[in-house]
Amino acid sequence: MTNAKTIGQRTPRQDAGAKAAGRFVYGMDFQLPGQLYGAILRSPHPHALIRSIDTRRAQSLEGVESVLTAKELPAGLLMPGVVCDQPLLASDRVRYHGEPVAAVAARTPAVAEQALQLITIEYQPLPALVDPEEAMAPGAPLVHEGWEAYQAEQGLVRERNICCHATLRAGNVEAAFAQADAVVEETYSTESVHQSHLEPRVATAQVLPGQVPTVYTNTQLPYWIRTNVAHVLGVPEETVRIVTTGIGGAFGSKLYPQIEPLAALLSQRARKPVRLLVPLSDELLAGLPRHPTKTRVKSGVMRDGTLVALQATMVMDGGAYAGSTPEIASVAVLCLAGPYHTPNVAIDVFGVLTHKTNFGAYRGPGGPQSVFALETHLDEVASRIGMDPLELRLRNLLDEGDLAPNGQIVTAVGLREAVERATRAIDWHEPARPNHGKGLSLGWWTTTLQLSSSEALLDENGKVFVRVGTQEIGTGAIMGGVRQIAAEALGLDVDDVMVEVQDTLSGLWDWGSQGSRTVSNVGRAAQLACQELRLKILTLAEQMLETNRDLLEMAEGCVFAKESPRDRISLKELAQRSPEGVLRSRAESRPEPATYDKTRLTSCLYPAFHHPSFHCHAAEVEVDPGTGEVRVLRYAAAHDIGHAINPTLIEGQIEGGVMQGIGMALMEEVLYDSKGFRTNTNWTDYKLPTIADLPEIEAIIVEHPSTLGPHGSKGLGESPVLHPPAAIANAIAAATGERFRSLPVTAEKIALALDKAAKPAPPQRR
Amino acid sequence: MPITISLDVNGKTHVLDIQPQETLLQVLRERLGLMGTKANCEEGECGACTVLFDNKPVNSCLLLAVRAQGSPIVTIEGLTEDGRHAALQAAFVQEGAIQCGYCTPGFLLSSAALLDRNPAPTQDEIIFALSGNICRCTGYTKIVRAVKKATPGVVSE
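Since the structure is predicted, the reported quantities are computational estimates derived from the model, not experimental observations.

## A few points about the overall build of chain B
Then comes step 1: When helices and strands are counted, chain B shows 6 helices and 5 strands.
Then comes step 2: The C-alpha radius of gyration computed for chain B amounts to 16 Å, which stays within 12% of the reference 15 Å derived for 157 residues, consistent with globular compactness.
Then comes step 3: For chain B, the spread of C-alpha atoms along the principal axes amounts to about 55 × 25 × 25 Å.
Then comes step 4: The 157 residues of chain B split such that 57% are buried.

This is how it looks when you write it as structure tokens:
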């Protein structure tokens, strides 16, 4: 693009002013006249049989207008999914602490809460499977006795409690281990962490006789919500209207239909609008947090640092239902392979069912767990052969045109530059002071593809509107990135372009604000629509100005002749004189997926990283040897994102992802007790990083343009969260000489390890 | 039994009949329609519901409305109307300190209170003043930068 006016500019996003003034309307602020208030009754047991449910007292409570249990649903109703194993409400058995069993709608929230307490359920508690390794052992009790009969995606390998076994095989690892100069083998584990979006999950449904069934909700994926709501209402998808409200943070949490189908059914039964909100305690009890994992990594390396073999086996705790686990397992396969050209690779990821909440898609799902295992391991390898960890990476990383372990050829590879710039930012080669240490982490990540749609129009007042089918979730991808791409394609100032998010009746189908895809895919659809609209405008102006359209230019709300700017027509006048009325154009983006070697993978639903991004993070920490407290002193994160549409927004994604990753590294942890009960369901006991916990983060933009997104952009949103656990654990190891292989690396763990290392073993008592 | 209270919100006096257990957050949002004050944890951890009470930032979810009488209350709507902190709000917009924006009103009110009592805060004073507000999007780097930009005095390290 020549003479880019808006691309690369730090233009404030369209929604920032309203947000700064407190005028922005979120899902939490949305209300319908006469709305009822919904509430969900959840299982108090991790695993139990339901003997009976009695709702009579709740139903007769003054102000209660609708009560819903499995009995009111079609018999055997299971929700859509990769494996169709999940009921909307538990009927005969509960499989996790917090599973929905009943729902009510009442005139006030207080009456709804009271009604929940009047529902009597007789449970027969059963022992819970808490440890996924026990759950996958032969002979373990089944989480789903009927697992074989479930409808499931083709090609998915599953067996009893294993809902997915994804594999990658390249070369011959055993032969390579035999020839390696050193073989290193260790086990790494990560705990679940929660998205902790600041705005609760909330939906308001209006399903009334003779009207289009409508749900207003703060979702990232309206068309998947539509599928699910239509499924429970038993109506065709295209008859359901999903309207996305403003969203106060999501991070993958708001992809799945946790409340919308229930809200729709409650409204249908009550014949009134119903607002259903998930309070924070329930969100932390039974949301869709990140998968806990345990990974055995074994690698073979030559004395010169060449990695010859990598074997990794990850056990991923999926919780009680398959949900997104099968897909995420295959993402973990690719992350465990890493951005390295290791010739012999054998990776197995097991998604395993247990009696816990359905672990789900939190920003970069499967990523930080895999990167923590691999990148911590590589530091151990470097230490074993006495090599600088940076040197080891530089010897093995992927360069332009290399073959990644899944057989895909990588292009637009900015990895080497990212490594150089991130390590330089923390003076990698300068020796660290006492109790200080430096660590790094490298990786690659995908740009999710699939369909996006957009419509651009010039209305009768000469204003340009760009319409898209998926919501701004906070990243700025829609209200910043897409808007700037649209303005650039039109040749107009950003202020002359208004982006509008449409509901599902618009038919602007979109695979949603997820998977680091929004700028590249929604932006691409908007770019195509705007290019076509520009052509329509110039064609019309050509007649009106009697000037060849190639000689016309658009700016400041006018079309004018480049050579004689006085020959001009305002967009308003042009629109009003337009014989076809409002000028509009519509476009879709449906890019080609990456190719890979199918013989190397089995049961991988996400087998390749499309237009991959590459990144390197480098951290310097100081560890207090007395208390084990970690202070992150410097943190540099370099991301190859193809091309920066808006550097401010890109830095914001990097800085925010790093913050969440630092939380995972040092303090955040979704806790279960040994019997399967959730324990820390508030933000006092579940610790989030505050402003006082973080250093100033240095975001470094690397630009190796892809052939996918507008102006060469590729995905960014998720990748910044991948690296802090590994980079910080490596820095702590460098500072203390102690290796921490389980997250979070709390001050307590460090202090205990340092204490143990300092003291000689106590003498044996006779 | 409802009780009658009088609140001074954004320079206007509101006489209201409320339930004694209602929090200031509930009264602001549900009775006065001031939706700019955000709700989530309702236990004083997230800071999204921060408002100024007697010029000090407070978690409105933890303050009973009956106890919020007698001193002025300022919400984000009042801050915007008043205009004295327009530069602070503009700095949040310009610096990219706003992503999802759900924490923004709380951060703005905590920042405004800081600048009102201390026009030349140090870096540590800024961090201390904002440590009761959680942001899950930005990583805080740009929030600190925005407050520094809006600081009339010079920020020392």
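## Topic: the overall build of chain A
Then comes step 1: Along its length, chain A carries 18 helices and 27 strands.
Then comes step 2: With respect to the three principal axes, the spread of C-alpha positions in chain A is 100 × 70 × 50 Å.
Then comes step 3: Looking at chain A residue by residue over its 766 residues, the buried ones come to 60%.

## So, the packing of helix H3 (residues 86-95) of chain B against helix H4 (residues 104-117) of chain B
Residue and element names in this part refer to chain B.
Then comes step 1: The geometry of H3 relative to H4 is characterised by a closest axis approach of 10 Å and an angle of 135 degrees between their N-to-C directions. Between H3 and H4, the interaxial angle falls into the category oblique. Crossing geometry of H3 relative to H4 is assigned as right-handed. For the pair H3 and H4, the contacting residues are Leu88, Gln89 and Phe92 in the first and Thr104, Leu108, Ser111, Ala112 and Leu115 in the second.

## A few points about the nonpolar core
Soluble globular proteins tend to bury their nonpolar side chains together.
All names here are of chain A.
Then comes step 1: Membership of the largest hydrophobic core comes to 295 residues, with the highest contact counts inside it found for Val104, Val333, Ala486, Ile728 and Ile732.
Then comes step 2: The biggest single contributor to this core is helix H14 (residues 518-545), with 13 residues.
Then comes step 3: Leave out the neighbours within four places in its chain, and Ile732 touches Gly437, Val621, Val623, Val630, Phe740, Val745 and Ile750.

## Overview of the environment of A:Gly581
All names here are of chain A.
Then comes step 1: With respect to the helices and strands, the residue Gly581 is situated in the loop between helix H15 (571-577) and strand S23 (583-589).
Then comes step 2: Gly581 sits in the exposed class, given 10 other C-beta atoms within 10 Å.
Then comes step 3: For Gly581 and Asp379, which are 202 residues apart along the polypeptide, the C-alpha to C-alpha distance reads 65 Å.

## Re the interface of chain A and chain B
Then comes step 1: At the interface, 43 residues of chain A touch 37 residues of chain B.
Then comes step 2: The class makeup of the residues in the side of chain A that touches chain B is 21 nonpolar, 15 polar and 7 charged.

## Some details on the sheet that holds strand S16 (residues 436-445) of chain A
Working definition: the strands of a sheet are paired by backbone hydrogen bonds and lie parallel or antiparallel to each other.
Residues and elements named next belong to chain A.
Then comes step 1: Strand order in the open sheet formed by 4 strands is S16-S25-S26-S27, and the pairing between neighbours is mixed. Of all strands in the sheet, those with a lone pairing partner are S16 and strand S27 (697-702), marking the two edges. The sheet shows a mean angle of 15 degrees between the axes of neighbouring strands, direction not considered.
Then comes step 2: Pairing geometry for strand S26 (residues 630-640) and S27, over 6 bridges, is parallel. Following the sheet pairing, Ala638 is matched in S27 by Ile700.

## Things to note about the sheet that holds strand S9 (residues 202-206) of chain A
All names here are of chain A.
Then comes step 1: With respect to topology, 7 strands assemble into an open sheet ordered S3-S5-S1-S12-S9-S10-S11, the strand pairing being mixed. On the outer flanks of this sheet lie strand S3 (64-69) and strand S11 (241-244), each paired with one strand and no other. Across the sheet, the mean angle separating the axes of adjacent strands is 20 degrees when strand polarity is ignored.
Then comes step 2: Relative to strand S12 (residues 274-277), strand S1 (residues 36-42) runs parallel, the two being bridged by 3 bridges. Each residue of the ladder has a partner; that of Tyr37, found in S12, is Arg275.
Then comes step 3: In the packing of helix H6 (residues 222-233) onto the sheet, contacts are made with strand S10 (214-217) and S11, and the angle to S11 comes to roughly 145 degrees.

## Quick look at H14(A)
Residues and elements named next belong to chain A.
Then comes step 1: Look at H14: 38 Å from first C-alpha to last across 28 residues, which is about the 40 Å you get at 1.5 Å a residue.
Then comes step 2: In the structure, H14 departs most strongly from a straight axis at Arg524, where the bend amounts to approximately 25 degrees.
Then comes step 3: Burial analysis of H14 places 20 of its 28 residues in the buried class, which makes it a mostly covered element.

## Some remarks on unusual backbone geometry
Then comes step 1: Omega for the peptide link from A:Leu743 to A:Pro744 comes to -10 degrees, which places this bond in the cis form.
Then comes step 2: Within the secondary structure, A:Pro744 sits in the loop between helix H17 (724-736) and helix H18 (747-758).
Then comes step 3: The phi dihedral of A:Glu546 falls on the positive side, at around 50 degrees, and the residue is not glycine.
Then comes step 4: Positionally, A:Glu546 belongs in the loop between H14 and strand S20 (552-555).
Then comes step 5: Phi is positive for B:Asn55, close to 70 degrees, though the residue is something other than glycine.

## Things to note about the packing of helix H9 (residues 325-337) of chain A against helix H10 (residues 367-385) of chain A
Residues and elements named next belong to chain A.
Then comes step 1: One can describe the packing of H9 onto H10 by two numbers: an axis separation of 8 Å at closest approach and a directional angle of 30 degrees. By the angle between their axes, H9 is roughly parallel relative to H10. The chirality of how H9 crosses H10 is right-handed. The segment H9 lies against H10, with Val331, Ala332, Cys335 and Leu336 engaging Gly367, Gln369, Ser370, Val371, Ala373 and Leu374.
Then comes step 2: Among the residues making up the contact of H9 with H10, the classes are represented as 7 nonpolar, 3 polar and no charged.

## Digging into the domain arrangement of chain A
Residue and element names in this part refer to chain A.
Then comes step 1: Under the domain assignment, chain A is made up of domain 1 (16-25 + 450-589), domain 2 (31-126 + 201-277) and domain 3 (293-448 + 595-754).
Then comes step 2: Summarising the inter-unit geometry, the C-alpha centres of domain 1 and domain 3 are found 38 Å apart.
Then comes step 3: Contact with domain 1, which involves 17 residues of that partner, is made by 19 residues of domain 3.
Then comes step 4: For the side of domain 1 that touches domain 3, the secondary-structure elements that each account for two or more residues are helix H13 (477-490) and H14.
Then comes step 5: Here the side of domain 1 that touches domain 3 is composed, by residue class, of 3 nonpolar, 12 polar and 2 charged.

## A short note on the domain arrangement of chain B
All names here are of chain B.
Then comes step 1: According to the domain assignment, chain B contains domain 1 (3-75) and domain 2 (80-150).
Then comes step 2: For domain 1 and domain 2, the distance between their C-alpha centroids amounts to 21 Å.
Then comes step 3: Elements supplying a minimum of two residues to the side of domain 1 that touches domain 2: strand S3 (50-53) and strand S4 (56-59).

## Let's talk about the confidence of the model for chain B
Then comes step 1: The pLDDT averaged across chain B works out to 96; a share of 97% of its residues lies at or above 70.
Then comes step 2: Two summary scores accompany this predicted model of the complex, namely pTM at 0.97 and ipTM at 0.98.

## Side note on the pairing of S3(B)
Residue and element names in this part refer to chain B.
Then comes step 1: Here S3 shows a buried face lined by Thr50 and Leu52 and a second buried face lined by Val51 and Phe53.
Then comes step 2: Across 4 bridges, S3 lies against S4 in antiparallel orientation. Residue pairing for S4: Phe53 is matched across the bridge by Lys56.
Then comes step 3: Hairpin connection of S3 to S4: 2 residues between the antiparallel strands, including Asp54 at a positive phi of 55 degrees.
Then comes step 4: Note that S3 and strand S5 (residues 72-74) share 2 bridges and pair antiparallel. Across the sheet, the residue bridging to Phe53 is Ile73, located in S5.

## Describing the environment of A:Glu174
Residue and element names in this part refer to chain A.
Then comes step 1: With respect to the helices and strands, Glu174 occurs in helix H5 (residues 173-179).
Then comes step 2: Taking the number of C-beta atoms within 10 Å as the measure of exposure, Glu174 has 12 and is therefore exposed.
Then comes step 3: Put simply, Glu174 and Ala309 are 135 residues apart on the chain and 8.1 Å apart in space, counted from C-alpha to C-alpha.

## A look at the environment of A:Asp402
All names here are of chain A.
Then comes step 1: Along the chain, the position of Asp402 falls in the loop between helix H11 (389-396) and helix H12 (415-425).
Then comes step 2: Considering only alpha carbons, one finds Asp402 and Tyr340, 62 residues apart in sequence, at a separation of 9.1 Å.
Then comes step 3: When residues no more than four places from it in sequence are discounted, the contact partners of Asp402 are His341 and Val410.

Basis of the calculations
Residues numbered from 1 in each chain as written. Chains lettered and ligands numbered in written order. Predicted model: local features only at pLDDT ≥ 70, side-chain atom pairs only at ≥ 80, totals over all residues. Helix = DSSP H or I, 4+ residues; strand = E, 2+ residues; numbered from the N terminus. Rg over C-alpha atoms; globule rule 2.2 N^0.38 Å. Buried ≥ 20, exposed ≤ 12 C-beta atoms within 10 Å, placed from the backbone. Axes fitted to C-alpha atoms, helices over the stretch in contact; angles between N-to-C directions. Parallel < 35°, antiparallel > 145°, perpendicular 65-115°, else oblique. Left-handed = near helix turned anticlockwise from the far one by under 90°. Contact = placed C-beta atoms within 7 Å. Core = buried A, V, L, I, M, F, W, Y, C linked by C-beta atoms within 7 Å. Nonpolar A, V, L, I, M, F, W, Y, C, P; charged D, E, K, R; others polar. Pairing = 2+ DSSP bridges. Expected span 1.5 Å × (residues − 1). Bend = angle between axes of the 7 residues up to and from the residue. Domains from an automatic or database assignment. pLDDT = per-residue confidence, 0-100.

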